[in-house]
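Notes for the structure review
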Amino acid sequence: MTTLTDEELERYARHIVLPEIGGAGQQKLKRARVLVIGAGGLGAPVLEYLAAAGVGTLGIADDDTVSLSNLQRQVIHGTDAIGIAKTDSASAAIMRINPNVAVEPHQLRLTAENAPALVARYDIVVDGSDNFDTRYAVADACAAEGKPLVHAAVGRFDGSLTVLKPFETGADGKPNPGYRDLFPEAPPEGLVPSCAVAGVVGALTGVIGTLQAMEAIKLITGIGEPLVGRLLLFDALSARFDTIRYKRA
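All values derive from a computational prediction rather than experimental measurement. By convention here, each chain's residues receive numbers from 1 onward along its written sequence. Totals for whole chains, interfaces and linings use every residue, but because this is a predicted model, local features are given only for residues with pLDDT of at least 70 and side-chain atom pairs only at 80 or more, for both listing and counting. Here the side-chain values reflect all heavy atoms present in the structure, with hydrogen atoms and water set aside.

Here the focus is the packing of aromatic side chains. Ring pairs shown here join Phe, Tyr and Trp side chains whose ring centres sit within 6.5 Å, with only the six-membered ring taken for Trp; geometry is labelled stacked below 30 degrees between planes, edge-to-face above 60, and tilted in between. Taken as a whole and assessed by the stated rule, the structure comprises five aromatic pairs. Between F132 and F183 the ring centres are 6.0 Å apart and the planes differ by 70 degrees, which places this aromatic pair in the edge-to-face class. With F132 in helix α7 (residues 132-145) and F183 in the loop between α8 (179-182) and α9 (195-198), the pair connects residues that are 51 residues apart, well separated along the chain. The class for F132 is buried, based on a relative accessible area of 17%. Relative accessibility under 20% of the residue-type maximum defines a buried residue, over 50% an exposed one, and the middle range a partly exposed one, all with a 1.4 Å probe and only protein chains included. Judged by its relative accessible area of 32%, F183 falls in the partly exposed class. Arranged with centres 5.2 Å apart and planes meeting at 75 degrees, the rings of Y136 and Y179 form a pair that is edge-to-face. The secondary structure listing takes helices from DSSP runs of H or I that are at least 4 residues long and strands from runs of E that are at least 2 residues long, numbered from the N terminus.

Here, a strand pair is defined by DSSP locating no fewer than two bridges between the strands. What the eight strands build is an open sheet, ordered β3-β2-β1-β4-β5-β6-β7-β8; its pairing is mixed. Edge strands, defined here as strands with exactly one partner in the open sheet, are β3 (102-106) and β8 (240-245). Mean inter-strand twist for the sheet, computed between neighbouring axes without regard to direction, equals 15 degrees. As defined by bridge partners, strand β5 (residues 149-155) adjoins strand β6 (residues 158-164) across seven bridges and the pair is classed as antiparallel. Paired with H151 across the strands is T162, a residue of β6. It only takes one pair of heavy atoms within 4.5 Å for two residues to be counted as in contact. Each axis is a line fitted through C-alpha atoms, and for a helix only the stretch in contact is used; angles between axes span 0 to 180 degrees, taken between their N-to-C directions. Each of β1 (33-37), β4 (124-127), β5, β6, β7 (230-235) and β8 is contacted by helix α10 (residues 202-221), which is oriented at about 170 degrees to β5, the strand it contacts most.

A word on the packing of helix α4 (residues 43-53) against helix α5 (residues 86-97). Remark: α4 packs on α5, axes separated minimally by 9 Å, with the N-to-C direction vectors making an angle of 35 degrees. Here the hand of the crossing between α4 and α5 comes out right-handed. On the side of α4, the interface is formed by L47, E48, A51 and A52, while α5 contributes A90, I94 and I97. Side-chain classes follow a simple rule in which Ala, Val, Leu, Ile, Met, Phe, Trp, Tyr, Cys and Pro form the nonpolar group, Asp, Glu, Lys and Arg form the charged group, and the remainder, Gly included, forms the polar group. For the contact of α4 with α5, a count of residues per class yields six nonpolar, no polar and one charged. Note on convention: near helix rotated counterclockwise from far helix by under a right angle means a left-handed crossing. Clockwise means right-handed.

Let's shift gears to α4. Across the eleven residues of α4, eight count as buried, placing the element largely inside the fold. Among all positions of α4, only G43, A44, P45, V46, L47, L50, A51 and A53 are buried. Where α4 ends, the next residue or the one after it, G54, has phi of about 95 degrees, a positive value.

We define a salt bridge as a contact between a side-chain nitrogen of Lys or Arg and a carboxyl oxygen of Asp or Glu at a distance within 4 Å. The final tally for this structure, using the stated rule, is twelve salt bridges. E7 is the salt-bridge partner of R11, the closest N and O atoms lying 2.9 Å from each other. Linking R11 with E7, this pair stays in helix α1 (residues 6-11), spanning four residues, or about one helical turn. Looking at R11, the relative accessible area reads 34%, which means it is partly exposed.

Here we take up the environment of A93. As for its placement among the helices and strands, A93 is situated in helix α5. By relative accessible area, A93 is classed as buried at 5%. Once the C-alpha coordinates of A93 and P19 are considered, the two residues, 74 residues apart in sequence, prove to be 30 Å apart.

What follows covers unusual backbone geometry. Not every positive phi belongs to a glycine, and R156 is a case in point at roughly 55 degrees. Relative accessible area serves as the criterion here: at 47%, R156 is assigned to the partly exposed category.

This paragraph deals with the pairing of strand β2 (residues 57-61). With respect to burial, β2 is a largely interior element, five of its five residues being buried. Neither face of β2 is exposed, since T57, G59 and A61 on one face and L58 and I60 on the opposite face are all buried. Across five bridges, β1 lies against β2 in parallel orientation. Of the residues in β2, the one forming a bridge with R33 is T57. This β-α-β element, β1 to α4 to β2, shows right-handed connectivity. The pairing of β2 with β3 spans five bridges and is classified as parallel. By the criterion used throughout, a crossover qualifies as right-handed when its path from the first strand across the helix to the second strand runs clockwise, the strands pointing away from the viewer.

Shown next as structure tokens:
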């Protein structure tokens, strides 16, 4: 059992009074090890809210440095962090939010070769990457290692979110779908423009990243119904959420 200190009991009081979480759920959060891919637009709110929630260990995988154009949406970084590795900047921010959290920075870009060993060290993975090569590498590694994956993507005014557990079966007894059931192969290069080309509203990454953090908390504490086999779509311009179901191909 992971004991909560008096300081932690006060810090997490609003969690502990929730019957769905309580002291037992907060202890699960303290024991949890979560790997966040990317300390950018999505990773920023994920890291901030999981740190504030009391997740015991947060891994951060990112090979980039902070630039001025990041600051419109990557709110974990400040102006004084320009030129600093995102893993270092995010680690310092997490320590300011919650010194009880252990941070494990990984200044690297995930590939099909290095993803399995890194993913295996954590309980849950949250993917905030911005390219299909990384998304496939992370999803394949999580499926192989049996680790739940909270995946999201954003662009312009739209975002999407799902939870992937293809190593388990659903209530119907059939295997849950994986990332390649949603995207069997990457789209042709240039078909899906990057945020640098198409743009993205900063607050959109906050909405979707915060939802990713919520799904991770649900997975850790075992509450609610995670978005397994469901793709949540958000249109910021119309303030509309839609959910579509998808299955194993």
